[in-house]
Amino acid sequence: SIPTPAAPTTPLPLAGDAEPADQFQPTRTPVAVSASAPPAAIQGQALLLIAEELATDCPLESLQSLLAAQFPGMRLTVQPFDGFTLPALPGKALPAELFILAEAWQPPLKETEALLALLRQALGASTPITIVLIGKPTATTMLTPVAPEHLHIWQQKMRALGDPMLAVQPLIAP
């Protein structure tokens, strides 16, 4: 059984929302661990996991706007989690897509790989998982561009996992 997170989920409807369907199906192929290809539009329900330490300071409205620009028509639920253990997936249906907000300047750890393996097992092979990277925070915002070298490290590590439905992309391009 999947543990229930301490923090509640916060639904964030994005521009162009439709009412959620009873069953969600993936409707896009993720960016193949590349920052250069623009993402395709998706329709439906998506889940964004944010580590609790990031969720505390994350400007959710700004995050929502940036994600809405990259993924038009997506209905997003934000769920804080501890960053290392499999969070409870809300609702009866699985999300059409899963996003994970990560700090690009922190290289991926073995724990990240283990979490991705657990998520893949829970979601199945066809659900896209996209790691959305943010850069090093400044004194005024935590949503900053990703340094190209950090993006490259994440792309290499995630490509090595061999998951064709796993994508890595910056929230704000370098």
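See the structure shown above.
Here's what I pulled together on the structure shown here. (Residues numbered from 1 in each chain as written. Predicted model: local features only at pLDDT ≥ 70, side-chain atom pairs only at ≥ 80, totals over all residues. Heavy atoms only, no water.)

It is worth spelling out the packing of aromatic side chains at this point. Here the structure, examined in full by the defined rule, presents one aromatic pair. The side chain of K136 reaches across the aromatic face of W105, ending 4.8 Å from its centre. (Phe/Tyr/Trp six-rings, centres within 6.5 Å; stacked < 30°, edge-to-face > 60°. Lys NZ or Arg CZ within 6 Å of the ring centre and 35° of its normal.)

This brings us to helix α4 (residues 148-159). Between its terminal C-alpha atoms α4 stretches 16 Å, which fits the 16 Å expected from 12 residues at 1.5 Å a residue. Those residues of α4 lying buried are L151, W154, Q155 and M158. The buried residues of α4 occupy an angular sector of 100 degrees when the element is viewed end-on, so they sit on one face. Looking at the buried positions of α4, the neighbouring elements they touch are β4 (97-103), α3 (110-123), β5 (129-134) and β6 (166-170). (Helix = DSSP H or I, 4+ residues; strand = E, 2+ residues; numbered from the N terminus. Expected span 1.5 Å × (residues − 1). Buried < 20%, exposed > 50% of the residue type's maximum accessible area, 1.4 Å probe, protein only. Arc of directions from axis to C-beta. Contact = heavy atoms within 4.5 Å.)

A few words on the pattern of salt bridges. Tallying each qualifying case throughout the model produces three salt bridges. Of the charged contacts, one joins K157 and E113 as a salt bridge, the two residues approaching to 3.3 Å between their closest N and O atoms. Of this pair, K157 sits in helix α4 while E113 sits in helix α3; the two residues are 44 residues apart in sequence, bridging distant segments of the chain. One salt bridge in this structure joins R120 and D163, with 2.8 Å as the shortest N-O distance. (Salt bridge = Lys/Arg side-chain N within 4 Å of Asp/Glu carboxyl O.)

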